[in-house]
Number of protein chains: 2
Amino acid sequence: MKIELETILPEQIENRSFAIIESELPKDRKIDALQKPVIKRVIHTTADFDYLDNLKFSEHAVEKTLAALKSGACIVTDTNMAKAGVHKASLEKLGGALYCYMADEDVAAEAKRQGCTRAAVCMEKAAKLDNPLIIAVGNAPTALVRICELISEGKLKPALVIGAPVGFVNVVRSKELIMQAGVDYIVAAGRKGGSNVAAAICNALIYMATGER
Amino acid sequence: MKIELETILPEQIENRSFAIIESELPKDRKIDALQKPVIKRVIHTTADFDYLDNLKFSEHAVEKTLAALKSGACIVTDTNMAKAGVHKASLEKLGGALYCYMADEDVAAEAKRQGCTRAAVCMEKAAKLDNPLIIAVGNAPTALVRICELISEGKLKPALVIGAPVGFVNVVRSKELIMQAGVDYIVAAGRKGGSNVAAAICNALIYMATGER
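Parameters at a glance
Throughout this document, residue positions are counted from 1 along each chain, in the order its sequence is written. Chains carry letters and ligands carry numbers; both start at the beginning, A for chains and 1 for ligands, and go up in the order they are written. Only residues with pLDDT of at least 70 are given local features in this predicted model, and only at 80 or more are side-chain atom pairs given and counted; all residues enter the totals for whole chains, interfaces and linings. Side-chain numbers come from the whole structure's heavy atoms, not from hydrogens or water. Strands are labelled as partners when DSSP assigns at least two bridges between them. Where helices and strands are cited, they refer to DSSP runs of H or I of at least four residues and of E of at least two residues respectively, numbered from the N terminus. Every angle, taken between N-to-C directions, lies between 0 and 180 degrees, and every axis is a line fitted to C-alpha atoms, over only the stretch in contact when it is a helix. Here, residues are in contact when the closest pair of their heavy atoms is within 4.5 Å. pLDDT runs from 0 to 100 and stands for how confident the predictor is about each residue. By convention, the crossing between two helices is left-handed when the near helix turns anticlockwise from the far helix through less than a right angle, and right-handed when the turn is clockwise. Ten residues, namely Ala, Val, Leu, Ile, Met, Phe, Trp, Tyr, Cys and Pro, are considered nonpolar, four, namely Asp, Glu, Lys and Arg, are considered charged, and the remaining ones, Gly among them, are considered polar. In this analysis a 1.4 Å probe is tested at points of a 1 Å grid over the protein atoms alone, and where it fits but cannot get out there is a cavity; an open set with protein on both sides within 12 Å along at least five of seven lines is a pocket; lining residues have an atom within 4 Å of a point. Grid points are joined across faces, edges and corners, and a volume is the space filled by probe spheres set on the points.

A. Layout of the sheet that holds strand β3 (residues 98-100) of chain A. Residues and elements named next belong to chain A. Read from one edge of the open sheet, six strands run β1-β6-β5-β4-β2-β3, paired in mixed fashion. Taken across any chain shown, the strands that pair with only one partner, and hence form the sheet edges, are β1 (55-57) and β3. The mean inter-strand angle of the sheet, taken between neighbouring strand axes irrespective of direction, is 15°. The pairing of strand β2 (residues 74-77) with β3 spans three bridges and is parallel. Residue pairing in the sheet places Val-76 in a bridge with Tyr-99 of β3. Against the sheet, helix α10 (residues 171-178) makes contact with β5 (160-163) and β6 (185-188), and its axis sits at roughly 160° relative to β6, the strand it touches most. Along the sheet face, helix α11 (residues 195-210) touches β1, β2, β4 (133-137), β5 and β6 and points at about 140° away from the line of β5.

Structure below.
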């Protein structure tokens, strides 16, 4: 049996999807031209148009992040799942690298010692990287909170924080805090988010920087 | 600076989250006791209560899948991102294993030859496994369609198909097809879904089978 669906070549599926998303965006809504590819890619990843309203950008966040990516920024994610979703090959074309420290043994040991989450300790480890840094948080509000603390202590100066943890405990508050931390951000306000959302935001920025999509 | 949030131990965050979800479920809604942990874990992963209505289960799907998991079922995912989200150690405790073939070179070559997606070819590869099989699709409607074809050709007999691709092209239709394919399923009907949703469904089932959460 061969099942026939809408005939479309694999490589055209993404373009078609983005055209459908574009056609369903509210016509009376003015969307910043640099923010739009990010918003559309998150909707593409979630099929959830709530992100049109949920996504919050600090001023010139996209423009500044594209410059950082073009100068070899690294991305640190708070989950291996988000890491798996980021298009590593394209990031590497830009001279960047992709890290997640969640499964590292030293991180587990230090988290136990401090009585905090591994995600928080990962952010301390990220603070030691030399490259311009994009931190993508798709899971742990504690990671976002630790970033705020490290910034205020002068120990961390990321080019961008992607704040997209999902959930019910301290999530909304952690996103409010990062938006007041004096750092450039792209945040999925409210409870929604996830590793997929964090990865989609990274990919949108990477593709804009490489010009490949 | 030390930022104080709601005081909660890392290991208690998940329990608290599930209690909040439970408290926000509509009181007048009767939810099947075996389906409920699956529904709640997907809401936990997405913060999206739409899944209370979106998730569709074939009759006794959960019960039968738990039996399959306890007899060493393998899980094949259609993305490495979904694979990264499945709790592998718990699955291995049950005697199962976790696979994703998307990055395999032979898959890419065969997809090019057939002019189809790599995801579809992955399903052909999965059909060759001997263990009871759970196929978790979080991305590619073409994978779901290929599963329907392989089932109808008598080449594939999965214990469960998790149908949670997300998106705009052929996604809704592919989910309708799998629900008519004569196989046990858990499907996120409509456009929504994702690798995170597919992984969450896997994890809910695994945790029920191990009894660890």
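B. Highlighting the confidence of the model for chain A. Of all residues in chain A, 97% have pLDDT values of 70 or greater, and the mean over the chain is 94. Our summary of model confidence lists the complex with pTM equal to 0.91 and ipTM equal to 0.88.

C. Layout of the packing of helix α8 (residues 118-126) of chain B against helix α9 (residues 141-152) of chain B. All names here are of chain B. In the contact formed by α8 and α9, the axes pass within 7 Å of each other and the chain directions differ by 35°. The element α8 and its partner α9 pack so that their crossing is right-handed. Residues Ala-119, Ala-120, Met-123 and Glu-124 of α8 pack against Thr-142, Ala-143, Arg-146, Ile-147 and Leu-150 of α9. Along the lines of polarity and charge, the residues of the contact of α8 with α9 split into six nonpolar, one polar and two charged.

D. The environment of Glu-24 of chain B, seen in detail. For Glu-24 of chain B, the location among the structural elements is in helix α1 (residues 13-24). For the pair formed by Glu-24 of chain B and Phe-49 of chain B, sequence separation is 25 residues and the distance between their alpha carbons is 9.0 Å. Every residue in contact with Glu-24 of chain B, bar those within four places of it in the chain, is listed here: Arg-191 of chain A together with Phe-49 of chain B.

E. Broad picture of empty space enclosed by the protein. All chains considered together, the criterion is met by one cavity of 30 Å³ or more. Here the largest cavity defines a volume of roughly 100 Å³. Thr-46 and Tyr-51 of chain A together with Thr-46, Asp-48 and Tyr-51 of chain B are, among the 13 residues lining the largest cavity, the residues nearest its centre. Along the lines of polarity and charge, the residues of the lining of the largest cavity split into two nonpolar, seven polar and four charged.

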